[in-house]
Amino acid sequence: MIKSKGTPIPLDKREDCLLKSVAAAVTTNPSLEAVTIDEKNHKISVATLGARDQKVAEQEILDIVQADKQGGSTSCGLMTGDRDCGDCSVDRFEFSTSAVKITRSAGTTTISKITCPTSPRFWHWKNLPWPTLSPREFEGFEHDHEDHAEGEWKWQLGAASLCGAAALISHFLLHGTMQTAGFLLAYICGSWFAAKEVFELLQKRKLDVHFLMLSVAFGSAAIGAWGEGATLLFLFSISGALEHYALGRTYSEIQSLFKSAPREAIVVDAGTEKMMLVESLSPGMILRIRPDSQYPVDAEVISGKSAADESNLTGEATPVEKQVGDSVLAGTLNLWGTLDARVVKSVQESSLHKIIQLIEDANRFKAPAQRLTDKFGTTYTYGILGLSGIMFLVWWLGYQLPPIHSTVETQSAFYKAMTLLVVASPCALVLSIPSAVLTAIAWGAKRGILFRGGAAVEKLAEISVVTMDKTGTLTTGNLQISKVESFPPGNEANVLEESYALENLSNHPLARAISSHAKKHGTRILPALNFESISGMGLLGKVNGHQIAVGKRNWAQGIFPAVEFPPDERSSMGISEVWFAREDGVMGRIQLQDEFRLESKNVVSQLREWGLLVVVLTGDRHDSAEALKNHLNLPDVRSELTPDQKLFIIRELSRNGKVAMIGDGVNDAPSLAAAHVGIAMGARGSDAALEQAEVVLMHDKLENFCQALQLSKAAKKVIQQNLVISLGTVAVLVTFAILGKIPLTLGVVGHEGSTVIVVMNSLRLLLRKAPAYKNR
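The notes below deal with the structure included here.

What counts, and where the lines are drawn
- Residues numbered from 1 in each chain as written.
- Predicted model: local features only at pLDDT ≥ 70, side-chain atom pairs only at ≥ 80, totals over all residues.
- Heavy atoms only, no water.
- Buried < 20%, exposed > 50% of the residue type's maximum accessible area, 1.4 Å probe, protein only.
- Helix = DSSP H or I, 4+ residues; strand = E, 2+ residues; numbered from the N terminus.
- Pairing = 2+ DSSP bridges.
- Salt bridge = Lys/Arg side-chain N within 4 Å of Asp/Glu carboxyl O.
- Axes fitted to C-alpha atoms, helices over the stretch in contact; angles between N-to-C directions.
- Parallel < 35°, antiparallel > 145°, perpendicular 65-115°, else oblique.
- Contact = heavy atoms within 4.5 Å.
- Nonpolar A, V, L, I, M, F, W, Y, C, P; charged D, E, K, R; others polar.
- Phe/Tyr/Trp six-rings, centres within 6.5 Å; stacked < 30°, edge-to-face > 60°.

1. Structural notes on helix H17 (residues 600–609)
It helps to recall that an α-helix has 3.6 residues per turn; residues three or four apart then point in one direction. Residues of H17 that are buried: Ser600, Asn602, Val603, Val604, Gln606 and Leu607. Note on H17: the residue one or two positions beyond its end, Gly611, has a positive phi of about 85 degrees.

2. Points about the sheet that holds strand E17 (residues 339–343)
The sheet built from six strands is open, its strands ordered E9-E8-E10-E17-E12-E15 with antiparallel pairing. Each of the sheet's edge strands pairs with one partner strand only, and the pair in question is strand E9 (272–277) and strand E15 (327–328). As paired elements, strand E12 (residues 299–303) and E15 share two bridges and run antiparallel to each other. When the sheet's bridge partners are listed, Ala299 is paired in E15 with Val328.

3. A closer look at the pattern of salt bridges
Tallied over the entire structure, the rule returns 19 salt bridges. We note a salt bridge from Arg524 to Glu497, for which the minimum N-O separation is 2.6 Å. Linking Arg524 in the loop between helix H15 (509–520) and strand E21 (529–534) with Glu497 in helix H14 (residues 492–503), this pair joins segments that are 27 residues apart in sequence. For Arg524, a relative accessible area of 51% translates into the label exposed. What emerges from the salt-bridge pattern is a single network uniting Glu273, Arg288, Arg290 and Asp340.

4. Observations regarding the packing of helix H10 (residues 413–424) against helix H22 (residues 704–738)
The geometry of H10 relative to H22 is characterised by a closest axis approach of 9 Å and an angle of 170 degrees between their N-to-C directions. Put simply, H10 runs roughly antiparallel to H22. Facing Thr419, Leu420, Val423 and Ala424 of H10, the residues of H22 in contact are Val730, Leu733, Val734, Ala737 and Ile738. Its residues placed into classes, the contact of H10 with H22 shows eight nonpolar, one polar and no charged.

5. Points about the pairing of strand E8 (residues 264–269)
For E8 and E9, the ladder comprises six bridges, and the chain directions are antiparallel. Paired with Glu264 across the two strands is Leu277, which belongs to E9. From the end of E8 to the start of E9, which pair antiparallel, there are two residues, and Ala270 there has a positive phi angle of about 55 degrees. Across three bridges, E8 lies against strand E10 (residues 286–289) in antiparallel orientation. Bridge assignment links Val267 to a residue of E10, and that residue is Leu287.

6. Focus on the side chain of Ser220
If you trace the backbone, Ser220 turns up in helix H5 (residues 209–222). When residues no more than four places from it in sequence are discounted, the contact partners of Ser220 are Tyr187, Ala225, Trp226, Gly229 and Leu744.

7. Things to note about the environment of Ala440
By the secondary structure assignment, Ala440 is in helix H11 (residues 427–446). Judged by its relative accessible area of 0%, Ala440 is buried. Expressed as a C-alpha distance, the spacing of Ala440 and Arg764, which sit 324 residues apart in the sequence, is 9.8 Å.

8. Brief notes about the packing of aromatic side chains
Taken as a whole and judged by the stated rule, the model has seven aromatic pairs. Their ring planes at 65 degrees and their centres at 5.3 Å tell us that Tyr187 and Trp226 sit as a pair that is edge-to-face. Here Tyr187 is found in helix H4 (residues 176–203), whereas its partner Trp226 is found in helix H6 (residues 226–255), with 39 residues between them in sequence. Owing to a relative accessible area of 2%, Tyr187 belongs among the buried residues under this scheme. Seen from their ring centres, Phe487 and Trp579 are 6.1 Å apart, and the 20 degrees between their planes marks the pair as stacked. Taken together, the positions of Phe487 in strand E20 (residues 475–487) and Trp579 in strand E24 (residues 575–582) put the pair 92 residues apart, joining distant regions of the chain. For Trp579, a relative accessible area of 2% corresponds to the buried category. Three or more aromatic residues link up through ring pairs in this structure, and these residues are Phe183, Tyr187, Phe218 and Trp226.

By themselves, these figures tell us nothing about what the structure is for.
If you want it as structure tokens, here you go:
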């Protein structure tokens, strides 16, 4: 039990261990001043004083919380020497007030250093991303959500059926005390789940539509209108079951992506196979993937040939061929060949894990319209209660109607007030937006389009301008060798082989392209001595007993001034060059070209056909930009831009309309953040780009942007339809209720009917087919 200021804080053993671990980090790390953890809302905030080792401090806290999520903090023994979370106890561990202060308020726990009163004014607070679940953890997360969603709607449907059956039997077959008992059973079944919701909200001092429905139902019983109250509860519980069914369908669409994610992998070590947990895999390990098994992590093929089914990540049914040098994605299926692959990313950094994290983000960020309805929901509830109370007094005192009990000729003021309360309740309105947004997110996730929340779903439909980066967006971003030359001729194989010896040791994009080409052509790896990488210039080293330089022409000339280089000829548009120079006078040139995506021209044409302005922003030379403009029939291409200039253009274009930006690199991150909607290419996109983007196109399928745009417009149309249905129904029914022209039973049917229509209308989005775009 942790103590603060001598007062014990009641915690279970897991919480006690977590807080001790965080408190130990705050005590021992000079960069950390305070940490706030809100487990319920998945929020972590870290306070630092200055920038020294800030990233290290933040990562330490994230590692502690991640370890705790995986079944107990592994660092709770930092101060006690004990690694077993279950053994943490006050007798062996207690922070004194001279070290840290631990406070808890409204479910949020803050651990802070004891310092001078003015120090907190200078703390810099930063919100950290809540650690996400690994695929292994997600199995349990998925199972719980699936069982809960499926079980919830089935139980609600069963309760609603019992309610309806009991009400019908009581109305037609029973009399007197037995009839009352039958209606009581109907009330219990019909109000069970609503009562649980009301109880939870009352503890938070909140009211919602469930409270209104229960008030009307039991108010009806109080005046003897048992049948009307039972009808209300039956229809309300039916609509609740449909709502949970829709939510279950949404989750099942998303969960189908992960159901069979591998838990173990075959690791090849010195020719021996052994099984390891996927969480234990690290970059550099060699995996063996057999036919009909899934790739456990993102990896690079080093031997073998096969094809992969990537439909669960991209929605593309056509198998993708895999050979030496190709990348394979976690969670996709190896179809027919046995492959050996080198792990390039841990499970936490894999494509599958990106999807899990993005979907978690999507569930936390609401659409603007939904935030509006959420905000006014409680106020509206109080307003309807107040209006019903006022109209009760008007009908009773102003129109001299019976206050409580109706007569054969006249409905009572209370009966009319209950009717008004039912028809004015915002059930359909509350569901109109989130039901459509969740369904759209599920449809997109199934096809490799990830919306980071409802805001992105709504905002994408509003754009009038689409700006794009060139490299990695309109082009593949994967440079291909188009030509290898040697001077004098005849040494082309040596130029490639010796260049590969150095390039294989570099992570530069040009080096990766040359290495990939060499691997695919079976080029042997020669040992390189005295390797040196000169930033922005090239590589130096000794290969086959010769000193060589690989990189820019002018730089290589400076390394070997005695070597005579061929005349400097300007390369063709879109071509990059890597020069090879050897001390004995052998020269070489490797030319590389970035390939256009096959779908780029179709996407640009389709966007222009829809009336959108398409602008390409690139850092390439002007002549390369002109070639791009002519090839894709683009109206506006702006070249030789720095990230700052791209940002300025985005802001200028935003003055005349809503702008979407599509990019993939670190240099695109500022523009993605400034645009009305940022869209990132997901497979090769940088972490900075993915962090700023609101929409992610997994597996770099540019044509999915067209699908995302159409989906967004369809979702917005459904939201508008739902709002018209819900508000229109309320307006008509409230008008008739105030005029006293509608009985309670008809009001119940109209109210609940509109709720059912709204939910079913939203589910239509799951049934829409991906649009086909004609080739041009």
